[in-house]
Amino acid sequence: MNQTLDTLRALGRGDKAADRVVPPTGFTARLTLFAAGAMAFLAVFALALSLAAGRLASNWGDELARSSTVRISAPAGQMVAQTSAALRLLQQTPGVASARALSEAEQQALLAPWFGPELPVDQLPVPQLIEVQETAQGYDPAGLRLRLQAEVPGAVLDDHARWRRPLAQAAGRLTLLGWVSAGLIAAAVGAMVTLAANAALAANAQVIAVLRLVGATDNYIARAFVRRFTLRALIGAAAGTALGVVAVLLMPSGGETAGFLTGLGFQGWHWVMPALIPPLAGAVAFAATAVAARRVLGGLS
Amino acid sequence: MIELENVAYSYGGAELLSELSLQLAPGTFHFLTGPSGAGKTTLLKLCYGALRPTSGQARIFGQDVRQMGRDDIAMSRRRIGVVHQDCAFLDHLAVHENVALPLTVSGQAVAGQAENLRELLAWVGLTERATALPPELSGGERQRAALARAVIMSPEVILADEPTGNVDWEMSQRLLQLLVELNRMGKTVLIATHDLSLIRAAKSQVQARVLRIANRRIATAGADL
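Residues numbered from 1 in each chain as written. Chains lettered and ligands numbered in written order. Predicted model: local features only at pLDDT ≥ 70, side-chain atom pairs only at ≥ 80, totals over all residues. Heavy atoms only, no water.

### Quick notes on the overall build of chain B
The criterion, for reference: In this description a helix means any DSSP run of H or I spanning at least four residues, a strand means any run of E spanning at least two, and both kinds are numbered starting from the N terminus. It is over C-alpha atoms that the radius of gyration is taken, and the globule rule equals 2.2 Å times the number of residues to the power 0.38. Burial classes: relative accessible area under 20% of the type maximum marks a residue as buried, over 50% as exposed, and values in between as partly exposed (1.4 Å probe, protein chains only). Two residues qualify as a contact provided that any one of their heavy atoms is within 4.5 Å of a heavy atom in the partner residue.
Looking only at helices and strands, chain B has eight helices and 10 strands in total. For 225 residues, the compact-globule formula gives about 17 Å, and the C-alpha radius of gyration of chain B, at 17 Å, lands near that figure. Buried positions account for 55% of the 225 residues belonging to chain B. For chain B, long-range pairs separated by at least 24 residues make up 70% of all intrachain contacts whose partners lie at least 6 apart in sequence.

Written as structure tokens, this is what we have:
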């Protein structure tokens, strides 16, 4: 623990001399940078996917859960009577905030996309729609359905749950998948850095032997490697994150009709999340190299 | 300073050294000789904690090697200057940086020791080669650089494994001179060598004990040397 703190402190301070004792390696350095960058790029999308799906799930949950519809199909003569009966019944139902019959004009607007504006709605047996707003507690849909059946035979309650539930479930799964991907990416960064660090430690066996001979502690030797790999992961991840964010910004915006795909992106405080990727990658690299270095050095004489 | 008591060491079952006792008292000068393969290098490694005895007890500055952790060993290396037989350096650093490496790794400011470093390089005759890289040095230059690196921390003990193996007679005399002077300053010196003329040359300048490894044991060599 103390060693880790020491290493962290030295990492912040920087030690030019300690950095120089390990020979520079151009090729593996570039590979580590590239891999960290690519992983960060993917992480941005995993996060965006996860957050967008989460947003979608909660939007659907919020908006749809608070409203439902009662549809009344009755012979023309009974329509008005049944509508007012249904409205009365709804207003007495606990958990219903308001109930309102849609006007003819509103119904026409709803049907216009399918039948065109010329449709003479008043001459067709179009069912009457009642928009129901729930209170936060909500009502009991099964009870309401039974009472409607008894008092308003032509009424059908649609609480949207039927099609809302699978969609919300799918969105929830997508969120989970996004987070699992982000976790896998972090683990892959750790594995990649461990491999690179092991290779570097093996390639520098002679350097380590010389350093031991002149009295360098394991901590000092480990620091030279840890610092190097942490910085590489940090820089690579920063570049990858920047590119990923630019790519997300370049996604075509769906504007008002934003659906799921066009809604892929960050909103509000969620913009903080991609900014966390580089430090996280650095932390993963730090831990991976520290563990690898201690294991390798501990095995030496 | 360094004590070996009834020490044995075996590589994979075959015993190389056994029932070996040795005491390096402060300010003494020892030569260690014997045929190659007799275990001179192994004995030196036991003295600086690179190897742990398979039986018996080794103490470095009063501490039992078995009880010393890796960091304790590292710390003891700062008080023991080692000239390795193969003179390994950091090949990407210039000679002067390699010589100053013990200062660097122990966290001492090299800048404060610049004068010391310059003098030391002049003493081993490497002033002009200070900015060269180790692979560019000749065998003799490498050994002089290794000696300079071993003494820069002003260690209490200097262990040298064949320090004159690759240098001509004149240079070996200079290196010996350096070690003798260090000994006069109170440092303990142990030199492993099979160069008997070097030992003879030293005997006229310093009171040196000659230890000989033969048949896995150590013995004080006869007066004929």
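Here the narrative resumes.
### Structural notes on the interface of chain A and chain B
Cut-off, in case you're wondering: The term buried area denotes the loss of accessible surface (1.4 Å probe radius) that occurs when two parts are joined, taken as the sum for both partners. The rule for a salt bridge is simple: a side-chain nitrogen of Lys or Arg has to be within 4 Å of a carboxyl oxygen of Asp or Glu. Polar contact is defined as a pair of N or O atoms within 3.5 Å, subject to the rule that within protein one atom must be able to donate a hydrogen and the other to accept it, and that residues adjacent in sequence are counted only when both atoms are side-chain atoms. Put simply, Ala, Val, Leu, Ile, Met, Phe, Trp, Tyr, Cys and Pro go in the nonpolar bin, Asp, Glu, Lys and Arg in the charged bin, and everything else, Gly too, in the polar bin.
Counting residues at the interface gives 23 residues for chain A and 23 residues for chain B. When the two sides are added together, the surface that chain A and chain B hide from each other amounts to roughly 2000 Å², 57% of it contributed by carbon and sulfur. Three residues stand out in chain A for area buried against chain B, namely Arg212, Leu213 and Val214 of chain A, and they jointly supply 33% of the buried area on that side. Inspection of the chain A/chain B interface yields one salt bridge. The shortest N-O distance in the salt bridge between aspartate 218 of chain A and arginine 70 of chain B comes to 2.5 Å. Inspection of the region where chain A meets chain B yields seven residue pairs in polar contact (both at pLDDT 80 or more). Of all elements in the fold, only helix H2 (16-20), helix H8 (205-213), helix H9 (218-249) and helix H10 (272-298) of chain A reach the threshold of two or more residues within the side of chain A that touches chain B. Counted by class, the side of chain A that touches chain B contains 14 nonpolar, six polar and three charged residues.

### Some thoughts on the nonpolar core
Residues and elements named next belong to chain B. The condition is simple: Buried residues of nine kinds, namely Ala, Val, Leu, Ile, Met, Phe, Trp, Tyr and Cys, make up a nonpolar core once their side-chain atoms join them within 4.5 Å.
Phe29, Phe31, Val95, Val99, Leu176 and Leu179 are the most contacted members of the largest nonpolar core, which totals 44 residues. No other element matches helix H7 (residues 169-184), which puts seven residues into this core. With residues up to four places along the chain from it excluded, the contact list for valine 99 reads Leu117, Leu120, Leu121, Ala145, Ala148, Arg149 and Ile152.

### Details of the pattern of salt bridges
Scanning all chains against the criterion turns up 10 salt bridges over all chains. Residue arginine 79 of chain B is joined to glutamate 156 of chain B by a salt bridge in which the shortest nitrogen-to-oxygen separation is 2.9 Å. Taken as a pair, arginine 79 of chain B in the loop between helix H2 (70-77) and strand S6 (80-83) and glutamate 156 of chain B in the loop between helix H6 (139-151) and strand S7 (157-161) lie far apart in primary sequence, 77 residues in all. Because the salt bridges share partners, they merge into one network encompassing Arg100, Glu106 and Glu131 of chain A.

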